[in-house]
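Here is how the chains run, residue by residue.
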Amino acid sequence: MELRQLEYFVAVAEERNFTRAAERVHISQSGVSAQIRQLERELGAELFDRSARTATLTVAGKAALEPARTALAAAAAVGQAVGEVTELIRGRITVGMVMGCTVTPLFDALAAFHRAHPGVEISLLEDNSDVLVEKVRTGAVDLALIGTATAAPEGLEALTIVSERLVAAVPAGHPLAKRRRVTLRDLAAHPLVCMPPGTGLRTVFDRACAAQSLRPAIALEASAADAMAGLAVRGLGVAVLSASMAANYRDRLVARTIDDVEAPASLALIWKSTHNPSVRELLVHSRRAFTQPDPAQHAE
């Protein structure tokens, strides 16, 4: 008994016609008939009633149908399992990371994945969050760490790493440093230093300003938190950061939560599906790495 015989048997049973079954399995009708005759000889019973134009199952055929389907499914599962192992031995995975982001648990996850699967080639690229979302959607990137204003981009799965409020960061002598409460209208009176469009943090800020019909003066844009902090320290603008980003510069900057921006900025891992075994494995390592708090991770 061969798997192809079971495949032809199931095809005829489901199509109820030898000609259509032959088209489905891409061989001649005579080839299908010959293989099923051979199967019937091995089983010692006819599987189809051939007296009518429609191929109908005999009692023996009905009894054999589900076991045949089970056997074919099991064979397919074996092939898939071997294929996944092979891909984890000689595969490739492309990981995206939002620009200006230093999140050491992601690097830890990549290192652990590489130790476990040294044959898988890892590619890492930086871009803004909007571009990375589209690359994940198209399959150009398998997994990406992005800043986002939503729980998960539409059509994608996500694992939120950080979710926190926006703050205004200024030097100690700045007028805003003397206030207990800071609002968007307060910020609008000063030049601002912001992340560029396409980042999650900027999206949260822009949406909050639009909701109040505010158009603050964004004097400077920078992708890296260090650059933004350096500009703010020198009095070139109020830096709009996430809470944990600003905490890294508490020795030089005073941070004030922006009261009327309640929507959080989030840092999240996103992926299209878990059919790729390399993605599944990297997610396992990522979840493990991100369970340990890290002072360097922050929402972009």
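Please read these numbers as outputs of a predicted model, since none were measured by experiment.

J.: What should I look at first to understand the sheet that holds strand 12 (residues 265–271) in this one?
T.: Hydrogen bonds along the backbone pair up the strands of a sheet, which may run parallel or antiparallel. With respect to topology, five strands assemble into an open sheet ordered 4-3-5-12-6, the strand pairing being mixed. Either end of the sheet is taken by a strand with one partner, and the two such strands are strand 4 (121–127) and strand 6 (157–164). On average, each strand axis in the sheet is tilted by 20 degrees relative to the strand beside it, whichever way the strands run. In this sheet, strand 12 lies alongside strand 5 (residues 143–148) in antiparallel orientation, the contact comprising six bridges. If you follow L145 over to strand 12, its bridge partner there is L269. Relative to strand 5, helix 6 (residues 129–138) is tilted by about 145 degrees, and along the sheet it contacts strand 3 (92–98), strand 4, strand 5 and strand 12.

J.: Any chance you could explain the packing of aromatic side chains here in plain terms?
T.: This structure, assessed with the given rule, holds two aromatic pairs. Centre to centre, the rings of F18 and F48 are 5.8 Å apart; their planes meet at 70 degrees, and the pair counts as edge-to-face. Note that F18 is positioned in helix 2 (residues 18–25) and F48 in strand 1 (residues 48–49), a separation of 30 residues in sequence. Among the residues examined, F18 registers a relative accessible area of 13% and is labelled buried. Each residue in the set F9, F18 and F48 is aromatic and connected to the rest through ring pairs, giving one cluster.

J.: Just checking my understanding: could you explain the nonpolar core for this structure?
T.: A general tendency of soluble globular proteins is for nonpolar side chains to be buried together. Among the nonpolar cores identified, the biggest contains 36 residues, and L166, L184, L187, F205, V240, L241 and I258 are the most heavily contacted of them. Among the secondary structure elements, those contributing two or more residues to this core are strand 7 (166–170), helix 7 (184–187), strand 8 (192–194), helix 8 (200–211), helix 9 (225–233), strand 10 (238–242) and helix 10 (243–247). Look past the residues within four positions of F205 in its chain and what remains in contact with it is L166, L184, L187, L192, C194, P216 and V240. Counting residues in hydrophobic clusters, the runner-up holds 22 residues, among them I93, L145, L267 and F290.

J.: How should I be thinking about the pattern of salt bridges in this particular structure?
T.: A pair can form between side chains of opposite charge whenever their charged atoms are brought close. If you walk through the whole model with that rule in mind, you get 15 salt bridges. We note a salt bridge from D259 to R181, for which the minimum N-O separation is 2.9 Å. Linking D259 in the loop between strand 11 (254–257) and strand 12 with R181 in the loop between strand 7 and helix 7, this pair joins segments that are 78 residues apart in sequence. R202 is the partner of E221 in a salt bridge, and the nearest nitrogen-oxygen pair spans 2.9 Å. With E221 in strand 9 (residues 218–221) and R202 in helix 8, the pair connects residues that are 19 residues apart, well separated along the chain. Overall, E221 belongs to the partly exposed group, its relative accessible area being 45%.

Reading the values: rules and limits
- In this convention, every chain numbers its residues from 1, walking through the sequence in written order.
- For a predicted model such as this one, the threshold for reporting local features is a pLDDT of at least 70, and the threshold for listing and counting side-chain atom pairs is 80 or more; totals across whole chains, interfaces and linings nevertheless cover every residue.
- Hydrogens and waters are ignored; side-chain quantities use all the structure's heavy atoms.
- Strands are treated as partners if at least two bridges between them are detected by DSSP.
- A run of H or I in DSSP becomes a helix once it reaches four residues, and a run of E becomes a strand once it reaches two; helices and strands are each numbered from the N terminus.
- Each axis is a line fitted through C-alpha atoms, and for a helix only the stretch in contact is used; angles between axes span 0 to 180 degrees, taken between their N-to-C directions.
- Here a residue-residue contact requires only that any non-hydrogen atoms of the pair lie within 4.5 Å.
- Here is the rule: rings of Phe, Tyr and Trp (six-membered ring for Trp) pair when centre to centre is within 6.5 Å. Planes less than 30 degrees apart are stacked, more than 60 are edge-to-face, and the remainder are tilted.
- Throughout this description, buried means an accessible area under 20% of the type-specific maximum (1.4 Å probe, protein chains only), exposed means over 50%, and partly exposed covers the range between.
- Put simply, a nonpolar core is a bunch of buried Ala, Val, Leu, Ile, Met, Phe, Trp, Tyr and Cys residues held in one set by side-chain atoms that sit within 4.5 Å of each other.
- When a carboxyl oxygen of Asp or Glu lies within 4 Å of a side-chain nitrogen of Lys or Arg, that pair is called a salt bridge.

Note that every value here comes from positions in space, so none of it alone points to a role or purpose.
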